[in-house]
Amino acid sequence: MVDVHVHLNEPGRSEWEGFETGTAAAAAGGVTLAVDMPLNSSPVTTTLEALAAKRRAANGKLSMDVGFYSGLVPGSETSVAELIDAGALGIKAFLCHSGIDEFPAATERELRAAMPVLAERDKPLLVHAELVSPAPAMSNPRSYADYLATRPPKFEQDAIAMMIELCRETGCRTHIVHLADAGSLPLIRAARAEGLPLTVETCPHYLYFASETIPDGACQFKCAPPIRDSANRELLWQAFEAGDIDFIASDHSPCPPADKRLDEGRFDLAWGGISSIQLTLPIVWTLAKQRGIGLQRLAQWLSVAPARFIGRSAGIEVGNEANLVAFDTEATFTVHGNELLHRVMSQKFIEQFNSLPLAESNEKLLACCGSKWWSDQMIDARPHGSIDELHTAADDVFDRMPRDAWLEAIGSHPRIGDLESLKMKFAGNRQWSSGEQSGVSAADEQVLMRLKTGNDAYYDKFGYTFVVCATGKSASEMLQILESRLTNEPDAELQTAAAEQREITHLRIDKLAADYDH
Ligand SMILES: [Zn+2]
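An unreviewed UniProt entry annotates the protein chain as allantoinase of Durusdinium trenchii. What UniProt records for the protein chain under Cofactor (unreviewed entry) is the sentence "Zn(2+)".

Given below as structure tokens:
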């Protein structure tokens, strides 16, 4: 998947989001290439120095490919050529206040200066298309309907009309980011029918939510342009199906939770932005499937068309990187928030984890690895700065772990296939082990019996339980592993078992973060 509209906010606002967490979340969601916006990093990316600083900040932190746009603000129009030549994939402009003062709106003057330069280089101008004119003020700052009225469809329509004119005049590729208003579609259709190089994206939140169901005070839904009503949403879907909207981008834009003002519920004060990069695929697939839209069109919207937009090919072909996403088209899951890897979510978990009382941290850690020695060392290593650091600390401790502690960790597992021994020493461990061993339940009796016999033989030979990181493995696969490991020498087998224990521990640390209650 290619997501050409994300805000990773580094350097400068890395407490909002960063390259490490943002790209980990993206990769977990199936995104293999994202393009980062020139804000809300600090400095904003409107100069060569800022672009270089961004590249330096990204170095070594990326889980997938990232490209950059630069920004058009009053005064930066003279830098457009050099920024494009330095590798910026396009130029982003706001026609209204961007939310941060150091990225002011571009006026027609800057647009007229920049667009011919972009046209010459065949690079797109990306526009936040809301042109502000008098609108009702909020009488109740907690009311979503009031917030919606402050940013009426007219803002989008006026901005798009203006951009179409400039597009016609300059021949510059013009891209409307996050279209929310379906009423703008006739304008867009006409411009495209005329042959103008106008492209349009929308976001999962406009395709999923509807204003009628947004409760007052629920500032987590605040974004601009705002989420409109369900009739509008239906028209956006129809426009997609008709080919009037080119692709989907997440506009992933996290902020610290306090800035969402959930306590007061004031839409006028809350930061606008929705953070869904990890969920684009499940959200859009869920809805597409309901509408009878197949994977091929989905791939067009999430991959082929956005890749083409930045001059790439997403095809599976000779010379291309094989960036493939596998996902279960039937699986369902509930989003709790804690499984999301972007900065704000993972930081929340780690802060609470660091401050847990001793007994409670011990209990959580022993559920990840049943060695008291390991758990104590992990507690000594607090505070952990991030989930990644927690994983690194786990490995550091493992590297120093004495043989007895390994035996204790391995001995804390129930025997695979032996239902009696599923009664584990650690309650949390038992629950998770039965989840990880779900492959067994589907196995036929004969395989189960052989697993049981092999398991006993293993215990007799090595003196501890057979441990394998069983997630996703079928009973017969486990049996095959068990029977081959039975032939190992004791020293070699302890090392194999320890490696499995490490892998299990990493999975459980991620699960701990995912299940964390806050
Ligand atoms: Zn954005």
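Chemist: Describe the UniProt feature "domain: Amidohydrolase-related" (unreviewed entry) in the protein chain, and please don't skip the residues or the numbers.
Modeler: As annotated in UniProt, the feature "domain: Amidohydrolase-related" (unreviewed entry) corresponds to residues 2-332 in the numbering used here. Taken as a whole, residues 2-332 contains 36% helix and 10% strand, while its terminal C-alpha atoms sit 23 Å from one another.

Chemist: Lay out a nonpolar patch on the surface in plain terms, naming residues and giving numbers.
Modeler: A cluster of nonpolar side chains, namely Leu295, Val325 and Phe327, defines an oily patch on the protein surface of about 220 Å² accessible area. Locating Val325 in the fold gives a position in the loop between α11 (295-309) and α12 (343-354).

Chemist: Residues and numbers for unusual backbone geometry, please.
Modeler: Of note, the bond from Ala224 into Pro225 is cis; its omega dihedral lies within 30 degrees of zero at -5°. Along the polypeptide, Pro225 turns up in the loop between α8 (204-208) and α9 (230-242). Despite not being glycine, Asn9 shows a phi value in the positive range, around 65°. With respect to the helices, strands and loops of the structure, Asn9 is situated in the loop between β1 (2-6) and α1 (19-28). At Asp122, a residue that is not glycine, the phi angle is positive and equals roughly 55°. Position of Asp122 relative to the elements: it lies in the loop between α4 (108-121) and β6 (125-128).

Chemist: Report on the sheet that holds strand β5 (residues 91-94), specifying residues and quantitative values.
Modeler: Taken in spatial order, the six strands make up an open sheet running β4-β5-β6-β7-β8-β9, and their pairing is parallel. Strand pairing shows two members of the sheet lacking a second neighbour, β4 (70-71) and β9 (247-248), which therefore form its edges. Sheet analysis places β5 next to β6, joined by four bridges and oriented parallel. By the bridge assignment, Ala93 is partnered in β6 with Val127.

Chemist: Could you give me a rundown of the packing of aromatic side chains, with the residues and numbers involved?
Modeler: The tally for this structure, following the rule as stated, stands at 20 aromatic pairs. Geometrically, the ring pair formed by Tyr208 and Phe209 is edge-to-face, given 5.1 Å between the ring centres and 90° between the ring planes. For the ring pair Trp374 and Phe398, a centre distance of 5.5 Å and an interplane angle of 20° mean the geometry is stacked. Of this pair, Trp374 sits in helix α14 (residues 372-380) while Phe398 sits in helix α15 (residues 387-399); the two residues are 24 residues apart in sequence, bridging distant segments of the chain. The exposure class of Trp374 is buried, given its relative accessible area of 0%.

Chemist: Describe the coordination of the zinc ion, with residues and values.
Modeler: At the metal site, the zinc ion is ligated by His5 (NE2), His7 (NE2) and Asp251 (OD), and these contacts range over 2.1 Å. Taking the relative accessible area as the measure of exposure, His7 reaches 6% and is therefore buried.

Chemist: For the nonpolar core, give the residues involved together with the corresponding values.
Modeler: Ranked by internal contacts, the top residues of the largest apolar core, which has 82 residues, are Leu72, Leu111, Leu125, Met163 and Leu179. Other than its neighbours up to four places away in sequence, Leu179 contacts Glu156, Ile160, Ser184, Leu185, Ile188, Val200, Glu201, Thr202, Tyr206, Leu236 and Ile245. Listed in part, the 25 residues of the second largest apolar core include Phe94, Phe103, Ala305 and Ala307.

Chemist: I'd like a description of the packing of helix α10 (residues 280-290) against α11, backed by residues and values.
Modeler: It is the contact of α10 with α11, at a shortest axis distance of 11 Å, that shows an interaxial angle of 140°. As far as their axial angle goes, α11 and α10 are oblique. Crossing of α10 against α11: the hand is right-handed. Packed against α10, whose contacting residues are Thr280, Leu281, Val284, Trp285 and Ala288, the element α11 presents Leu295, Leu298 and Leu302 at the interface. Here the residues of the contact of α10 with α11 sort into seven nonpolar, one polar and no charged.

Conventions we followed
- Residues numbered from 1 in each chain as written.
- Predicted model: local features only at pLDDT ≥ 70, side-chain atom pairs only at ≥ 80, totals over all residues.
- Heavy atoms only, no water.
- UniProt positions renumbered as here; feature names shortened; annotations may be inferred.
- Helix = DSSP H or I, 4+ residues; strand = E, 2+ residues; numbered from the N terminus.
- Patch = residues over 30% accessible without salt bridge, like charges linked within 9 Å, V, L, I, M, F, W, Y side chains within 5 Å.
- Areas by Shrake-Rupley, 256 points an atom, 1.4 Å probe, with all protein chains shown as cover.
- Salt bridge = Lys/Arg side-chain N within 4 Å of Asp/Glu carboxyl O.
- Pairing = 2+ DSSP bridges.
- Phe/Tyr/Trp six-rings, centres within 6.5 Å; stacked < 30°, edge-to-face > 60°.
- Buried < 20%, exposed > 50% of the residue type's maximum accessible area, 1.4 Å probe, protein only.
- Donors = N, O, S within 2.8 Å, 3.2 Å for Na, K, Ca; no water.
- Core = buried A, V, L, I, M, F, W, Y, C linked by side-chain atoms within 4.5 Å.
- Contact = heavy atoms within 4.5 Å.
- Axes fitted to C-alpha atoms, helices over the stretch in contact; angles between N-to-C directions.
- Parallel < 35°, antiparallel > 145°, perpendicular 65-115°, else oblique.
- Left-handed = near helix turned anticlockwise from the far one by under 90°.
- Nonpolar A, V, L, I, M, F, W, Y, C, P; charged D, E, K, R; others polar.

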